[in-house]
Amino acid sequence: MGVQGKAVMAQKPSSELTYEVHGPDRAQRCRELIIYIAEKCAQAEFFGSVKLNKILFHSDMRSFRKYGQPITGMKYQKLEHGPAPVGIKPLEEKMVEKKEITIRQEIKHGRTQNRAIPLRSAKLTLFSGRDIAIVDEVIHDLWGKTATQVSLDSHGIQWKTRALEDYIPYEAAYLSDEPITPADIERTTVLASKYGWASQ
C-alpha cells in the first residue's frame, strides 16, 4: 500500500486535502474522547499529554484510513515530539475549569508527565461501537510505551512528509511506513503505463 498511498498524496492538491472535519457535537466529542482515554489509561504506568496526543492522532487516522471518516475531526499539526491536535492545551484548560478533568503532574523515570485524571464518566452515546473499538485498539498498541517511545513511533512517513508546525492532512493516513516491495514497484509500473505518468 506504500506506493499507492504516496500516489494519492502526490496527485491531490493541498487545497483539496482534509485537515479537519466539522460535524455535529464535534467539540463535545473531543472532550468526551479525552475523558474516555483518561479513564481507560488510569492504570497505565505511562500516560501523559504526549501519549494522549498520540492516541487521539492514531485513532483519528486509523478511522479515516479504514472508513474514510475520523472520530473527532480535529486538526493535527507536526510538532517536534510528533503530531498533536491543534488547540489541545486550551481545550484541556477549559475542561479543567468545567471540572471534567484535572491534570496531575507525576515523575516517571526522571521525567514529568502531565496526566489527565477524569472527574466524571465519558458520555459514550456520541460514539459508535466502531469508534470506541478503534480507540481501544490504539490504547492497547501504546499501553506499555513511554512518552519517548510513542513520540519516536509517531515520526513515520505521515510526520516526515510535513514541515515543522505544518498541518497533517487526513489523507496521510493512507501512507505506509512499510518498505517498498517488488509487488509495489510492479503495480506502480502498470499504473504509470495505464495513466501516462511521467517517470521521475
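A brief structural summary. The structure displayed is predicted, hence computed values, not measured ones.

Let us now look at the overall build of the chain. A tally of regular secondary structure across the chain gives eight helices and five strands. Reading the helices (α) and strands (β) of the chain from amino to carboxyl end gives α-α-α-β-β-α-β-β-α-α-α-β-α. Taking 2.2 N^0.38 as the reference for a compact globule, 200 residues should give roughly 16 Å; the C-alpha atoms of the chain span a radius of gyration of 18 Å, in line with that estimate. Across its three principal directions, the C-alpha atoms of the chain cover 60 × 40 × 30 Å. Looking at the chain as a whole, 43% of its 200 residues are labelled buried. The contacts of the chain with a sequence gap of at least 6 include a subset with a gap of at least 24, amounting to 73%.

Before going further, it helps to spend a moment on the packing of aromatic side chains. Evaluated as defined, the whole model comprises five aromatic pairs. Ring geometry for Tyr76 versus Tyr170: centroids 6.3 Å apart, planes at 85 degrees, classification edge-to-face. Note that Tyr76 is positioned in strand S1 (residues 76–79) and Tyr170 in the loop between strand S5 (167–168) and helix H8 (182–195), a separation of 94 residues in sequence. In this structure, Tyr76 and Tyr170 share a single accessibility class: buried. Connected via pairs of aromatic rings, a cluster forms that spans Phe57, Phe64, Tyr76, Tyr170 and Tyr174. A cation sits over an aromatic face here: Lys75 above Tyr167, 4.2 Å from the ring centre. Seen from the ring of Tyr67, Arg130 lies directly overhead, with NZ or CZ sitting 4.0 Å from the centre.

With that settled, consider the sheet that holds S1. Reading across the sheet, the three strands line up as S2-S1-S5 and stay open at both edges, with antiparallel pairing between neighbours. Looking at strand neighbours, the two that pair on one side only are strand S2 (82–85) and S5, the edges of this open sheet. Where S1 meets S2, four bridges bridge the pair, whose relative direction is antiparallel. From the neighbouring strand, Tyr76 faces S2, where its bridge partner is Pro85. Strand contacts of helix H3 (residues 49–67): S1, S2 and S5, with the helix running at about 85 degrees to S2, the strand carrying the most contacts.

Take the state of the cysteines next. Enumeration according to the criterion identifies zero disulfides in this entry. A disulfide-free cysteine, Cys41 has its sulfur positioned 17 Å from the sulfur of Cys30, the nearest such atom.

Turning to the side chain of Glu100, a few remarks are in order. Residue placement: Glu100 occurs in the loop between helix H4 (88–97) and strand S3 (101–108). On the basis of relative accessible area, Glu100 is assigned to the buried category, the value being 7%. Excluding anything up to four places from it in sequence, Glu100 contacts Arg31, Ile35, Met95, Ile117, Pro118, Leu119 and Arg120.

Membership of the largest hydrophobic core comes to 39 residues, with the highest contact counts inside it found for Leu33, Ile37, Phe47, Ile55, Leu56 and Val135. Of all elements in the fold, only helix H2 (26–40), H3, H4 and helix H5 (129–142) reach the threshold of two or more residues within this core. If you tally residues by element for this core, the top one is H2, at seven residues. Apart from residues no more than four positions distant in its own chain, Leu56 is found in contact with Leu33, Ile34, Ile37, Met74, Tyr76, Pro85 and Ile88.

Cut-offs applied
- Counting starts from 1 at the beginning of each chain's written sequence and moves along it residue by residue.
- Only residues with pLDDT of at least 70 get local features here, since the model is predicted, and only at 80 or more are side-chain atom pairs given and counted; chain-wide, interface and lining totals rely on the full set of residues.
- In computing side-chain values, all of the structure's heavy atoms are included and hydrogens and water are not.
- In this description a helix means any DSSP run of H or I spanning at least four residues, a strand means any run of E spanning at least two, and both kinds are numbered starting from the N terminus.
- Within these notes, the globule rule equals 2.2 Å times the number of residues to the 0.38 power, and the radius of gyration is based on C-alpha atoms.
- Accessible area is worked out with a 1.4 Å probe on protein chains only. A residue is then buried under 20% of its type maximum, exposed over 50%, and partly exposed in between.
- By the convention used here, residues are in contact when the closest approach between their heavy atoms is within 4.5 Å.
- Stacked, tilted and edge-to-face pairs are distinguished by plane angle, under 30 degrees for stacked and over 60 for edge-to-face with tilted covering the rest, among Phe, Tyr and Trp rings (Trp via its six-membered ring) whose centres lie within 6.5 Å.
- Either the NZ atom of lysine or the CZ atom of arginine qualifies as a charge over a ring when it sits within 6 Å of the ring centre and within 35 degrees of the ring normal.
- Should DSSP find at least two bridges between two strands, the strands are taken to pair.
- Where helices are involved, their axes are fitted lines through C-alpha atoms of the stretch in contact, as for all axes, and angles between N-to-C directions lie from 0 to 180°.
- Note on terminology: disulfide denotes any pair of cysteine sulfur atoms within 2.5 Å.
- What we call a nonpolar core is a set of buried Ala, Val, Leu, Ile, Met, Phe, Trp, Tyr and Cys residues that are connected through their side-chain atoms within 4.5 Å.

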